[in-house]
Amino acid sequence: MNPVTKNITFDVAKIREDFPILKRKVNGYPLAYLDNAATSQTPKPVMDVIIDYYSNYNANIHRGVHSLSQEATDKYEQARIKIQKHFNAQKAHEIIFTSGTTHGINLVANGFSAILKEGDEILVSALEHHSNIVPWQMLCEKTGAILRVIPMNEEGELIYPAFEELISENTKMVFLNHVSNALGTVNPIEKIIKKAHSVDAAVLIDGAQAAPHIKADVQELDVDFYVASAHKMCGPTGVGVLYGKEEWLEKLPPYQGGGEMIDTVTFEKTTYAGLPHKFEAGTPNICGGIAFGAAIDYLNQIGFENIASSENDLLNYATKKLMEIDGMKIYGVSKNKTAVISFNIEGLHPYDIGTLLDKMGIAVRTGHHCAQPIMDFYRIPGTVRASFSFYNTKGEVERFIEALKKAKSMLS
Ligand code: C6P
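Residues numbered from 1 in each chain as written. Predicted model: local features only at pLDDT ≥ 70, side-chain atom pairs only at ≥ 80, totals over all residues. Heavy atoms only, no water.

## Some thoughts on the environment of Glu-121
Thought 1: Tracing the backbone shows Glu-121 in strand S5 (residues 121–125).
Thought 2: Using a relative accessible area of 9% as the deciding quantity, one classes Glu-121 as buried.
Thought 3: Sequence-wise, Glu-121 and Ile-167 are 46 residues apart; in three dimensions their C-alpha atoms are separated by 8.7 Å.
Thought 4: Aside from chain neighbours lying at most four places away, what touches Glu-121 is Ile-146, Arg-148, Leu-166, Ser-168, Asn-170, Thr-171, Lys-172 and Met-173. (Helix = DSSP H or I, 4+ residues; strand = E, 2+ residues; numbered from the N terminus. Buried < 20%, exposed > 50% of the residue type's maximum accessible area, 1.4 Å probe, protein only. Contact = heavy atoms within 4.5 Å.)

Encoded structure:
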């Protein structure tokens, strides 16, 4: 848990006014939405942008001479620049719009099939979401490259000395998440990137769970690829970002062929458009991209220090209260973690706990969280996962704890 100074202007009651969904009831109880790692809720300013788009300038982009098309194109490209500035990318064309983190990773993995050869090694961490495992396994099947795994410890942290032993001149790529979705662990990506570059390996960071909480600076990190999803950042589903260093994006072949990604097409030969269009075939999620820009504005207006500070308070309070419950086991106890608590109560199935919590208006996720290797490590089928956002309150944590105690007594 990170000590971060809290800005006194942070007013959670006022912030909650921006999220109409937080006023609804579920099963007769006020909603306590504690499944933010799965997807975040959408504030009114972002919804307003979506309504404005469809009310006033819905049109295809980069294609039309008419005013609506030009307005939509301008707004879409402005959103790209907002995202560029947010992640501090050097160039706007290093920002590729995707449909989300999964798409971004697949795009890069597909590109590396033209670069890797049999016997090359690629390193993945033991803490990954399936999205950052399966595309690389598919890549290994295609190329004959070898996938090696950086192991984790009981606390849910990567074992850095083991990474140092695994990495070698044969390592061509390292990919891991910035923050684990199942445990909340913040990985030491700065030193991993530095070490990977010492053997000329490229690094892809899956920022899906970090981007809502931590403002990553891709130039300072010197990372080769960074991916994230808008829907975990108060934006809509179906849109995300792939940041790639220009030199890498130039080197990788296109992922999909189609409209907008070409320069010229004849039946004999097609030449491709430059960046970023080379990787953006077809009509994109135009409204989603523009709304993603608005979501980034919204988060920056709240302030990432405020976000970290308020979420950290909720994490500390919830952890302390959970530990008072008999039979409680929390998975992922790194000192450096975001506001995610994965747990089980001895003798109870996570699914049963989640179902009873829902009956009391508390939304959590249960299961393997698309991270089966982590569950295998702990030899469990799954966990209950509560994940907090800056718009959650201490009162909601208290309701969650009380509901959990009630569920426990009903199930025992
Ligand atoms: N994790 C969760 O409940 P998409 O679905 O493409 O937006 O994101 C995939 C993804 C990739 N990496 C990490 C670290 C993630 O957490 C996720 C999505 C959600 O944990 C849904 S499975």
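Additional details are given in the paragraphs that follow.
## Topic: unusual backbone geometry
Thought 1: Of the consecutive residues Leu-275 and Pro-276, the connecting peptide bond is found in the cis state with omega at 0°.
Thought 2: By the element assignment, Pro-276 lies in the loop between strand S12 (270–272) and helix H10 (286–302).
Thought 3: Of note in this structure, Asn-27 is not a glycine but carries a positive phi near 55°.
Thought 4: Relative to the assigned elements, Asn-27 resides in the loop between strand S1 (25–26) and strand S2 (29–30).
Thought 5: A positive phi is found at Asp-222, a non-glycine position, where the angle reads about 60°.
Thought 6: By the element assignment, Asp-222 lies in the loop between helix H8 (218–221) and strand S9 (225–229).
Thought 7: According to the relative accessible area criterion, Asp-222 is partly exposed, its value standing at 36%.

## Concerning the pairing of strand S11 (residues 262–265)
Thought 1: When S11 meets S12, the two strands line up antiparallel, connected through 3 bridges. Across the sheet, the residue bridging to Thr-264 is Thr-271, located in S12.
Thought 2: What sits between S11 and S12 in their antiparallel hairpin is a turn of 4 residues. (Pairing = 2+ DSSP bridges.)

## Some thoughts on the packing of aromatic side chains
Thought 1: Taken as a whole and assessed by the stated rule, the structure comprises 16 aromatic pairs.
Thought 2: For the ring pair Phe-19 and Phe-390, a centre distance of 6.3 Å and an interplane angle of 65° mean the geometry is edge-to-face. Of the two residues, Phe-19 sits in the loop between helix H1 (12–16) and S1 while Phe-390 sits in the loop between strand S17 (383–387) and helix H14 (394–411), which places them 371 residues apart along the sequence. Residues Phe-19 and Phe-390 agree in their burial class; the two are buried.
Thought 3: Judged by centre distance (5.0 Å) and plane angle (85°), the ring pair of Phe-377 and Tyr-378 falls under edge-to-face.
Thought 4: Members of the aromatic cluster, joined through ring pairs, are Phe-19, Tyr-298, Phe-390 and Tyr-391.
Thought 5: One Lys or Arg, Lys-191, reaches over the ring of Tyr-160 and ends 4.2 Å from the middle of that ring. (Phe/Tyr/Trp six-rings, centres within 6.5 Å; stacked < 30°, edge-to-face > 60°. Lys NZ or Arg CZ within 6 Å of the ring centre and 35° of its normal.)

## A few points about the sheet that holds strand S14 (residues 340–345)
Thought 1: One open sheet holds the 4 strands; their spatial order is S13-S14-S17-S16, and the pairing between them is antiparallel. Each having just a single partner strand, strand S13 (328–331) and strand S16 (365–367) make up the two edges of the open sheet. Adjacent strand axes in the sheet meet at a mean angle of 30° when their direction is disregarded.
Thought 2: Lying over the sheet, H14 contacts S13, S14 and S17, oriented at roughly 20° with respect to S14. (Axes fitted to C-alpha atoms, helices over the stretch in contact; angles between N-to-C directions.)

## Looking at the sheet that holds strand S10 (residues 240–244)
Thought 1: Across the sheet, which stays open at both edges, the 7 strands sit in the order S4-S10-S9-S8-S7-S5-S6 with mixed pairing between neighbours. Unpaired on one side and paired on the other, strand S4 (95–98) and strand S6 (146–150) mark the two borders of the sheet. If you compare each strand with its neighbour and ignore which way they point, the axes differ by 20° on average.

## Focus on the site of the ligand
Thought 1: Residues in close proximity to the ligand total 16 residues, the closest being Thr-102, Asp-206, Gln-209, Ser-229 and Arg-365.
Thought 2: The separation between an oxygen atom of the ligand and a polar side-chain atom of Thr-102 is 2.5 Å.
Thought 3: The residue makeup of the shell around the ligand, split by class, is 4 nonpolar, 8 polar and 4 charged.
Thought 4: Composition of the shell around the ligand by domain shows at least three residues from each of domain 1 (12–40 + 303–411) and domain 2 (47–300). (Near = heavy atom within 4 Å. Polar contact = N/O pair within 3.5 Å; in protein donor to acceptor, adjacent residues only side chain to side chain. Nonpolar A, V, L, I, M, F, W, Y, C, P; charged D, E, K, R; others polar. Domains from an automatic or database assignment.)

## Comments concerning the pairing of S14
Thought 1: The element S14 is extensively covered by neighbouring structure, given that 6 of its 6 residues are classed as buried.
Thought 2: Here S14 shows two buried faces, one formed by Val-340, Ser-342 and Asn-344 and the other by Ile-341, Phe-343 and Ile-345.
Thought 3: Sheet topology note: the S13/S14 ladder contains 4 bridges and is antiparallel. If you follow Met-328 over to S14, its bridge partner there is Ile-345.
Thought 4: By the bridge criterion, 4 bridges tie S14 to S17 in an arrangement that is antiparallel. Residue pairing for S17: Ser-342 is matched across the bridge by Arg-385.

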